[in-house]
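Remarks on the overall topology
This is what each chain is made of:
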Amino acid sequence: MVNEMKAFQLAARGNKTEDTIIQVTGPAGPVFIGEGYCTIIAGPCAVENRDDYLHLAQFLASSGAHLLRGGLFKPRTSPYSFRGLGKEGLDILKEARLATGLPVITEVMDIRDLDYLVGEVDILQVGSRNMQNYALLDELGKLDTPVLLKRGFSATIEEWLLAAEYILAQGNGQVILCERGIRTFEPYTRNTVDIGAVALVKKLSHLPVMVDPSHATGKWDMVIPVAKAAIAAGADGVMVEVHQDPDHALSDGKQSLNKDNFLIMVNQIHRLADMEKKKLNTR
Ligand code: PEP
Ligand code: MN
């Protein structure tokens, strides 16, 4: 039995009476993430080029996305795979933010990139592979930018909450937890999505919990059912990969929804959010 007060103090429910609700403000206004809201983050795995990203971003903004995702630094298993546009891609992300009015999220892998990312993106993402990069977590804790902390694919729930604790302990209380599947003995899917973790962490912690059904499954045709399961289990929203032409995506095409399927997912999430009495952001 985990002693929650001892193990992760600041993240624990016992430490705070209210649920943490995080507000991020894009050019078109605020978006809320946390208890009572249902937030949809969508975008391609990686920003690939300006035109495609801007077109897709416009589509997503007018189709129910509340925040845009787009990786600039991709932690790829092989160093020879597409690793993202890096710093050069930031201008594209900024342009899409202005054009759509939506806040943006991107992954940071290296403390040195914080210099120019801070103040330009609305949420900084810590990827699964960096969940226990404690030097990075310490630095993020000194900022006042919200952090979306993905669960490490081999991390226990306690290790995940203790990683959040690193950020909280430095003074940054704006942490969003994101379940993205864990590695198990099952090879059929990319990861095994831990839906139970969502219900459990919502109980243990006051922090918002989201689910990434794209990385959790690795298969686009499992994304909608798992997104629905996430909301039903109490998640505060989902983060999904969408690509205008998944067959030709430079990364993670197999798990990316196309535009039509994104629309179907949004429709179904709206119905579930309504059932769960969760507010959708106004955009
Ligand atoms: C991502 O969201 O782009 C990503 C790399 O996910 P994860 O860290 O969960 O593998
Ligand atoms: Mn991806």
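Residues numbered from 1 in each chain as written. Chains lettered and ligands numbered in written order. Predicted model: local features only at pLDDT ≥ 70, side-chain atom pairs only at ≥ 80, totals over all residues. Heavy atoms only, no water.

This brings us to the overall build of the chain. Tallying secondary structure elements over the chain gives 10 helices and 11 strands in all. Taking 2.2 N^0.38 as the reference for a compact globule, 283 residues should give roughly 19 Å; the C-alpha atoms of the chain span a radius of gyration of 17 Å, in line with that estimate. The contacts of the chain with a sequence gap of at least 6 include a subset with a gap of at least 24, amounting to 71%. Approximately 12,100 Å² of the chain is accessible, and the part contributed by carbon and sulfur atoms is 51%. Averaging the locations of the 30 positively and 35 negatively charged side chains of the chain gives two centres separated by 2 Å. (Helix = DSSP H or I, 4+ residues; strand = E, 2+ residues; numbered from the N terminus. Rg over C-alpha atoms; globule rule 2.2 N^0.38 Å. Contact = heavy atoms within 4.5 Å. Areas by Shrake-Rupley, 256 points an atom, 1.4 Å probe, with all protein chains shown as cover. Lys, Arg positive; Asp, Glu negative; His and termini not counted. Charge placed at Lys NZ, Arg CZ, Asp CG, Glu CD.)

In the neighbourhood of ligand 1, the contacting residues comprise Arg 69, Lys 74, Pro 75, Glu 107, Gln 125, Gly 127, Ser 128, Arg 129, Lys 150, Arg 180 and His 215. In the environment of ligand 1, an oxygen atom lies 2.7 Å from a nitrogen or oxygen atom belonging to the side chain of Lys 74. When ligand 1 sits alone it has 290 Å² of accessible area, and the protein chains cover 97% of it. For the shell around ligand 1, the class distribution of residues is 1 nonpolar, 4 polar and 6 charged. (Near = heavy atom within 4 Å. Polar contact = N/O pair within 3.5 Å; in protein donor to acceptor, adjacent residues only side chain to side chain. Nonpolar A, V, L, I, M, F, W, Y, C, P; charged D, E, K, R; others polar.)

Let us look at the nonpolar core. With 70 residues, the main nonpolar core has Leu 60, Leu 149, Leu 177, Val 238, Phe 262 and Met 265 as its most contacted residues. Within the second largest apolar cluster, 13 residues are counted, among which are Ile 33, Ile 123, Leu 148 and Met 239. (Core = buried A, V, L, I, M, F, W, Y, C linked by side-chain atoms within 4.5 Å. Buried < 20%, exposed > 50% of the residue type's maximum accessible area, 1.4 Å probe, protein only.)

Right, let's talk about the packing of helix H5 (residues 134-141) against helix H6 (residues 157-169) for a bit. Between H5 and H6, whose axes approach to 6 Å, the crossing angle comes to 40°. When the interaxial angle is binned, H5 and H6 end up oblique. From H5, Tyr 134, Leu 137, Asp 138, Leu 140 and Gly 141 reach across to H6, where they touch Ala 163, Tyr 166 and Ile 167. Of the residues contributing to the contact of H5 with H6, the split by class is 6 nonpolar, 1 polar and 1 charged. (Axes fitted to C-alpha atoms, helices over the stretch in contact; angles between N-to-C directions. Parallel < 35°, antiparallel > 145°, perpendicular 65-115°, else oblique.)

Within the first shell, the manganese ion (ligand 2) binds the protein through Cys 45 (SG), His 215 (NE2), Glu 241 (OE) and Asp 252 (OD), at distances of 2.0 to 2.4 Å. Each donor residue of the manganese ion (ligand 2) belongs to the same chain, and together they define the spacing C-x169-H-x25-E-x10-D. Here Glu 241 lies in strand E10 (residues 237-241) and Cys 45 lies in the loop between strand E3 (37-43) and helix H2 (50-61), a separation of 196 residues in the sequence. Glu 241 matches Cys 45 in its accessibility class, with the two residues each being buried. (Donors = N, O, S within 2.8 Å, 3.2 Å for Na, K, Ca; no water.)

Right, let's talk about helix H7 (residues 195-204) for a bit. Turning to H7, its buried residues number three or more, namely Ala 197, Val 198, Val 201, Lys 202 and Leu 204. What you see down the axis of H7 is that its buried residues fit within an arc of 165°, all on one side. (Arc of directions from axis to C-beta.)

Okay, helix H3 (residues 90-100) next. For an α-helix the count is 3.6 residues per turn, leaving residues at separations of three or four pointing the same way. All buried positions along H3 are accounted for by Leu 90, Ile 92, Leu 93, Ala 96, Arg 97 and Thr 100. The arc enclosing the buried residues of H3, seen along the axis, measures out at 160°, which places them on a common side. In this structure, H3 carries Asp 91 and Leu 98 as exposed residues pointing more than 90 degrees from its buried face. Elements in contact with the buried residues of H3: strand E1 (22-26), H2, strand E4 (67-69), strand E5 (104-107) and helix H4 (114-117). Two residues or fewer after H3 comes Gly 101, characterised by a positive phi angle close to 85°.

Each aromatic ring pair is characterised by the separation of its centres together with the angle its planes make. Per the counting criterion, the structure on display carries 3 aromatic pairs. Geometrically, the ring pair formed by Phe 32 and Tyr 37 is stacked, given 5.2 Å between the ring centres and 25° between the ring planes. One residue, Lys 259, lies across the ring of Phe 59, its end atom 5.3 Å from the ring centre. (Phe/Tyr/Trp six-rings, centres within 6.5 Å; stacked < 30°, edge-to-face > 60°. Lys NZ or Arg CZ within 6 Å of the ring centre and 35° of its normal.)

Here H2 crosses H3 at 30°, and the two axes come no closer than 10 Å. Taken together, the axis directions place H2 and H3 in an arrangement best described as roughly parallel. The two elements H2 and H3 cross, and the hand of that crossing is right-handed. Residues Arg 50, Tyr 53, Leu 54, Ala 57, Gln 58 and Ala 61 of H2 touch H3, and the partners they reach there are Ile 92, Leu 93, Glu 95, Ala 96, Ala 99 and Thr 100. When its residues are assigned to classes, the contact of H2 with H3 shows 8 nonpolar, 2 polar and 2 charged. (Left-handed = near helix turned anticlockwise from the far one by under 90°.)

Moving on, we get to the environment of Arg 190. Relative to the helices and strands, Arg 190 is located in the loop between strand E8 (175-179) and H7. Remark: the alpha-carbon pair of Arg 190 and Ile 21, spanning 169 residues in sequence, is separated by 31 Å. Beyond its immediate chain neighbours, meaning those up to four positions away, Arg 190 contacts Arg 129, His 215, Thr 217, Gly 218, Asp 252 and Gln 255. A polar atom in the side chain of Arg 190 sits 2.7 Å from the side chain of Gln 255.

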